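Residue-level listing of the chains:
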There are 2 protein chains.
Amino acid sequence: MHFDHAGIATDDADALADLYAAAFDVPVAHEETFDGMQVTFLDLGNGYFELLDPLPDSEGTIATYLERNGPGIHHLALATPDVEAAMAAAVDAGVDPIDDEPRPGAWGHEVVFLHPKSTGGVLLELVEH
Amino acid sequence: MHFDHAGIATDDADALADLYAAAFDVPVAHEETFDGMQVTFLDLGNGYFELLDPLPDSEGTIATYLERNGPGIHHLALATPDVEAAMAAAVDAGVDPIDDEPRPGAWGHEVVFLHPKSTGGVLLELVEH
């Protein structure tokens, strides 16, 4: 598997995208509304930063994360050509999935999140494009 | 700039490297003792996970981080061919560096860390190989 993206919780995706474009020359690759969030992907050439900005009055996991922790790094995602096989290999190695089976993620991907208690404190996502 | 690595704070780099190798097929690329830590790079093909494991009785920033937060994602690093120019561009865009100038990092790289208060809560590192 290889690096796909780092998910970043933010309360202002537009401002952060503008800042990162100016500071690090990483342009917006894709933007959509998904699961109660404005989701903005910044193009790193070999992967993405995924800015996750809850819509007003959202009560999803990112809104809760922001209330508890403030903005910052939320998760890391690894890309795989076969998310079901990757999930099965992770489970065989002792990792606990949060999702029972792959589900639709942003940008039309299939994703599975893995429980940080089983991955050294890291919220990891497996993603199939 | 492109993705270089995600830094992960851990209290057992060997165990986490073994788990990630089994679960995600990401082998160890490089390992060294640096700045009071066992530092283990896992090869993602297009970048790395950098496992940061303080040596016993270490009092560095990662040891403090682990005491406060437990294990987990610590920082994200972007690669640049010219860390001084990248640092200057980030400063021009309003980002505050933690380091006054590039300094030696693990694996013989030159690095600068940027203050999370100026980057949307993300501890970012610029790294020149």
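For the structure itself, consult the block above.
Residues numbered from 1 in each chain as written. Chains lettered and ligands numbered in written order. Predicted model: local features only at pLDDT ≥ 70, side-chain atom pairs only at ≥ 80, totals over all residues. Heavy atoms only, no water.

Remark: a regular strand shows side chains that alternate across the two faces of the sheet. Residue and element names in this part refer to chain B. Where burial is concerned, most of strand E7 (residues 110-114) is hidden: four out of the five residues are buried. As paired strands, strand E6 (residues 103-104) and E7 are joined by two bridges and run antiparallel to one another. Bridged to Pro-104 within E7 is Glu-110. Between the antiparallel neighbours E6 and E7 lie five residues, among them Trp-107 with a positive phi of about 60 degrees. Across five bridges, E7 lies against strand E8 (residues 124-128) in antiparallel orientation. (Buried < 20%, exposed > 50% of the residue type's maximum accessible area, 1.4 Å probe, protein only. Helix = DSSP H or I, 4+ residues; strand = E, 2+ residues; numbered from the N terminus. Pairing = 2+ DSSP bridges.)

Quick look at the interface of chain A and chain B now. With 37 residues of chain A at the contact, the number on the chain B side is 37 residues. For the pairing of chain A and chain B, the buried interface totals around 2800 Å² over both sides, and the portion due to carbon and sulfur atoms is 72%. When the area that chain A buries against chain B is broken down by residue, the three leading residues are Met-1, Phe-24 and Ile-73 of chain A, summing to 22%. The interface formed by chain A and chain B holds zero salt bridges in total. For the pair chain A and chain B, the number of links is five residue pairs in polar contact (both at pLDDT 80 or more). For the side of chain A that touches chain B, the residue count by class is 27 nonpolar, nine polar and one charged. (Contact = heavy atoms within 4.5 Å. Buried area = accessible area lost by both parts, 1.4 Å probe. Salt bridge = Lys/Arg side-chain N within 4 Å of Asp/Glu carboxyl O. Polar contact = N/O pair within 3.5 Å; in protein donor to acceptor, adjacent residues only side chain to side chain. Nonpolar A, V, L, I, M, F, W, Y, C, P; charged D, E, K, R; others polar.)

Residue and element names in this part refer to chain B. Its identity as a non-glycine residue notwithstanding, Asp-35 has a phi of 55 degrees, on the positive side. Along the chain, Asp-35 turns up in the loop between strand E2 (28-34) and strand E3 (37-43). In this structure Asp-35 comes out as exposed when scored by relative accessible area, which is 60%. Although it is not a glycine, Asp-57 adopts a positive phi angle of roughly 65 degrees. Within the element layout of this structure, Asp-57 appears in the loop between strand E4 (48-54) and helix H2 (61-69). With relative accessibility at 78%, the residue Asp-57 sits in the exposed group.

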